[in-house]
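Working through the structure, step by step
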Amino acid sequence: MDQALVVPDREDFIATKGKQKKQLKCDADSIAGCVSQRACVYCGARVVLNPVTDAVHLVHGPIGCSTYTWDIRGSLSSGSEMYRNSFSTDLKEQDIIFGGEKKLLACIDELVQKYQPPLIFVYSTCIIGVIGDDLKSICKQASKQYGIEILPVESSGFIGNKSAGYRAACDTLLHLIDLGKESLHQVSSQRQAAKQINYLGDFNLSGEAWIIKGYLERMGVKINVAFTGDSDSQHIKKAPDVDLNIIQCAGSMHYLAEKLEELYHIPYLQVSFLGLQDTANSLRNIAAMLQDETVAAKAEQLIAEESAKVKPDIDFYRSKLVGKKAAIYVGGGFKAISLIKQFREIGIDVVMIGTQTGRQEEYETIDTLVDDGTVILDDANPAELEKFMIEQEAHILVGGVKERPLAFKLGKAFIDHNHNRKHPLSGYVGAVNFAREVYTTVCSPVWKYLSK
Ligand code: SF4
C-alpha cells in the first residue's frame, strides 16, 4: 500500500491481489476506532424479516431504531400491506429506568385490537439488551392470550454485527416453521405433481422474486415460498414440504438452508440470478438437482430464448462501457462474486472489491476471479473506500445507501444494489436494467462539469 491506512490494525483485512500472499482476515468483529459501513444486529434481522407481508413488525426500543429501518426495502407484496408499517414501543427515560415490559404488553394489546394480525415480530434493540426486558416470556404470554403467533427476535446490540441479526431472523423463521408442523401432514398428502422449492434470500425488491418465479414456472417448478420476499405466515409454515431449497443471498440465508436440511432433510443449492452467466448456470443447476429431464429441457429452451432477447441491448451497453473500471462494496460475498462476472459481461474490470459480511471461502473465490492489482477488503470504513477508489481510478462504485454520498462526493458514478432501489436487477430483465443503469451513470455528461 502506497499510503498508510488511517487505522493500521486494519491491514490484515485488506489485500492487493498478486502483491501479498497473506490470507485476508474476515468474519471478525470490527476494529475499535473505525466507523464501519456495517449495519447493526437489529437492522440485519429487520431487513430479513420485513418482507413477511402479513406480519406486524414491532420494534421494542427507542423510536430511532424503527426510524432507521422503516420502509428501507423496495419489497413488493401481492397480498397484505401490513409489513409496510413500522411500530415501536417508543421507550423513554422512565421506561429505561423502570423497565419496558408493561409498555410492550400494552402495545401488543393495542396492535391486536386494531389490526388482528396473524403474526407479530417483536424486535429487541440495543437498549433492551441493557435493561434486560424478558421478550421471550412476554411474547409467549401474549401469544397464549390472543391465540396468534407473537415471536421475539433476539436482535439487541452488543451481540455482534449485521450477520448476528441475519441469524436471529433465521432462528425466528425456524420457530415459525416449527409452529406449523402439525398442519404439514395434511399439506404433504395433497402435494402437487409439480416440483416445489423454497427460494431463500430473495426479498422481492421491485418484484425480483416474481421474475424468478416466472422462469421456474416455465420450467415446471413451483415456488412454495420465498424467504422472505412477498411471503406470509401460512406459506412459511409449509416450508418443510418441498423438494429443494435454493439460496440467492447466502449471507442472510445459508444458515436457514443448513438448518432446514438438518431438521427436515431438504437439500439446498446456492444460486445467483445476477448477470446472464449466473442466471443460466443457476437454472441449469436447479434442473440437475431436481433430476428431471423435462425440467432440464425447458430450462435450456428458456435460457436460449431469454439470452437471444437481451443480447442486442447487452452488446450495445458493452460497446459503450468497455475499458471502464468498477469498485464494489456490498453486504455479502456471493453478491460480490456475481457482480465481478456481471461487470465482465459488459466489458468492465473490477479494481476494488469488498463486503460487510463475506466469508473466507467467498473471498477465496473473489481472489481467483479478479485480476492482479485488484484491492480486496473486508468490513471497510469510508476512509479506506475513498483511498482505494481514488488510487485504483475506479469510474463507478456499486454499493448501498451508505456508500452513495461517498461516491458522489468523489465525483464517481454510483449504482445502488441495495434495498431501496426501484427496479429489478435479477434475471435477464435485471441484467439489462443493470447494464443500462451502469451506462447512464458512467457515461452521464454531468462528469465533465466537475473540476478535477
Ligand atoms: S438497535 Fe442499537 S445500533 Fe441498531 S439502530 Fe437501535 S440503537 Fe442503533
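In case you missed it, the structure is sitting above this.
Described in the following lines is the structure provided in the data block. Here the structure is a predicted model, which is why all the values come from computation and not from measurement.

Let's talk about the pairing of strand 5 (residues 149-153)
Counting buried positions over the five residues of strand 5 gives five, a clear majority of the element. Both faces of strand 5 are covered, namely the face carrying Glu149, Leu151 and Val153 and the face carrying Ile150 and Pro152. Pairing of strand 4 (residues 119-124) with strand 5 involves five bridges; the strand directions are parallel. Considered in strand 5, the bridge of Val122 is made with Pro152.

Quick notes on the nonpolar core
Core analysis: the largest hydrophobic core is formed by 61 residues, its most contacted members being Leu216, Ile246, Phe343 and Val438. Here the element with the most residues in this core is helix 13 (residues 293-321); it accounts for eight residues. The contact partners of Val438, leaving out residues within four places of it in the chain, are Leu321, Phe343, Ile346, Ile348, Ile396, Ile415 and Cys443. Ala39, Tyr42, Val59 and Phe227 belong to the second largest nonpolar core, which has 39 residues in total.

Observations regarding the sheet that holds strand 7 (residues 221-228)
Read across the sheet, four strands follow the order 7-6-8-9 without closing on themselves; strand pairing throughout is parallel. Edge positions in the sheet fall to strand 7 and strand 9 (268-270), since each has one partner strand and no second. Between one strand axis and the next, the sheet turns by 25° as a mean value, whatever way the strands run. Pairing analysis gives three bridges linking strand 8 (residues 244-247) to strand 9, with the strands arranged parallel. Each residue of the ladder has a partner; that of Asn245, found in strand 9, is Tyr268. Docked against the sheet, helix 11 (residues 250-264) engages strand 6 (195-202), strand 7, strand 8 and strand 9, running at close to 160° with respect to strand 9.

Digging into the environment of Ile148
Along the chain, Ile148 falls in the loop between helix 6 (135-146) and strand 5. Overall, the relative accessible area of 15% leaves Ile148 in the buried class. The sequence separation of Ile148 and Leu119 amounts to 29 residues, and the corresponding C-alpha distance is 6.1 Å.

Focus: the pattern of salt bridges
Tallied over the full model, the rule gives 19 salt bridges. Where Arg284 meets Glu300, a salt bridge forms, and the shortest distance between an N and an O atom there is 2.7 Å. Of this pair, Arg284 sits in helix 12 (residues 276-290) while Glu300 sits in helix 13, placing them 16 residues apart in sequence. Given the relative accessible area of 35%, Arg284 is considered partly exposed. For the salt bridge of Glu306 with Lys309, the shortest nitrogen-to-oxygen distance reads 3.1 Å. Within this pair, Glu306 and its partner Lys309 are both found in helix 13, separated by three residues, close to a single helical turn. Its relative accessible area of 7% is what places Glu306 among the buried residues.

Remarks on the sheet that holds strand 4
Overall, parallel pairing links the four strands, which are arranged 3-2-4-5 in an open sheet. One side of each edge strand has no neighbouring strand; the edge strands of this open sheet are strand 3 (87-88) and strand 5. Taken together, the two bridges between strand 2 (residues 55-60) and strand 3 define a ladder with parallel strand orientation. Within strand 3, the residue paired with Val59 across the bridge is Ser88. Contacting strand 2, strand 4 and strand 5, helix 1 (residues 41-49) crosses the sheet at an angle of about 165° to strand 4.

Describing empty space enclosed by the protein
The probe, sized like a water molecule, is rolled over the atoms to show the empty space still left. Taken as a whole and judged by the stated rule, the model has two cavities of 30 Å³ or more. Approximately 30 Å³ is the volume attributed to the second largest cavity. Considering only residue class, the lining of the second largest cavity consists of four nonpolar, one polar and three charged.

Regarding the packing of helix 7 (residues 162-179) against helix 11
Two numbers describe how helix 7 lies on helix 11: the axes approach to 8 Å, and their chain directions differ by 35°. Here helix 7 and helix 11 pass one another in a crossing that is right-handed. The segment helix 7 lies against helix 11, with Tyr166, Arg167, Cys170, Asp171, Leu173, Leu174, Ile177 and Asp178 engaging Gly251, Ser252, Met253, Tyr255, Leu256, Lys259, Leu260, Leu263 and Tyr264.

Quick word on the site of the ligand
Every residue lining the ligand is accounted for by Cys40, Tyr42, Cys65, Tyr68, Thr125 and Cys126. When its residues are assigned to classes, the shell around the ligand shows five nonpolar, one polar and no charged.

Here we look at the packing of aromatic side chains
Enumeration over the complete set of coordinates arrives at ten aromatic pairs. Judged by centre distance (5.9 Å) and plane angle (85°), the ring pair of Tyr199 and Phe273 falls under edge-to-face. Of this pair, Tyr199 sits in strand 6 while Phe273 sits in the loop between strand 9 and helix 12, and the two are 74 residues apart along the sequence. When sorted by exposure, Tyr199 lands in the same class as Phe273, which is buried. Considering the side-chain rings of Phe316 and Tyr439, the 5.8 Å spacing of their centres and the 70° angle between planes classify their relative orientation as edge-to-face. Of the two residues, Phe316 is situated in helix 13 and Tyr439 in helix 18 (residues 427-442); the sequence distance between them amounts to 123 residues. Under the relative-accessibility criterion, Phe316 is labelled partly exposed at 38%.

Thoughts on the layout of surface pockets
Taken as a whole, the largest pocket holds about 710 Å³ of empty space. Taken together, 41 residues make up the lining of the largest pocket; nearest its centre are Arg73, Lys335, His417, Asn418 and His419. For the lining of the largest pocket, the secondary structure elements donating two or more residues are helix 1, helix 7, strand 6, helix 11, strand 10 (325-330) and helix 14 (333-345).

Considering helix 7
In a regular helix each residue adds 1.5 Å, so 18 residues correspond to 26 Å; helix 7 covers 26 Å between its end C-alpha atoms and thus fits that length. For helix 7, the complete set of buried residues consists of Lys162, Ala164, Gly165, Tyr166, Ala168, Ala169, Cys170, Thr172, Leu173, Leu174, Leu176 and Ile177. N-capping of helix 7 is provided by Asn161, with a side-chain oxygen placed 2.9 Å from the backbone N of Ser163.

Criteria and thresholds
Residues numbered from 1 in each chain as written. Predicted model: local features only at pLDDT ≥ 70, side-chain atom pairs only at ≥ 80, totals over all residues. Heavy atoms only, no water. Buried < 20%, exposed > 50% of the residue type's maximum accessible area, 1.4 Å probe, protein only. Helix = DSSP H or I, 4+ residues; strand = E, 2+ residues; numbered from the N terminus. Pairing = 2+ DSSP bridges. Core = buried A, V, L, I, M, F, W, Y, C linked by side-chain atoms within 4.5 Å. Contact = heavy atoms within 4.5 Å. Axes fitted to C-alpha atoms, helices over the stretch in contact; angles between N-to-C directions. Salt bridge = Lys/Arg side-chain N within 4 Å of Asp/Glu carboxyl O. 1 Å grid on protein atoms, 1.4 Å probe; cavity = no way out; pocket = protein on both sides within 12 Å on 5 of 7 lines; lining within 4 Å. Points joined across faces, edges and corners; volume = space filled by probe spheres on them. Nonpolar A, V, L, I, M, F, W, Y, C, P; charged D, E, K, R; others polar. Left-handed = near helix turned anticlockwise from the far one by under 90°. Near = heavy atom within 4 Å. Phe/Tyr/Trp six-rings, centres within 6.5 Å; stacked < 30°, edge-to-face > 60°. Expected span 1.5 Å × (residues − 1). Polar contact = N/O pair within 3.5 Å; in protein donor to acceptor, adjacent residues only side chain to side chain.

Fair warning: the whole summary comes from geometry, so function is off the table for now.
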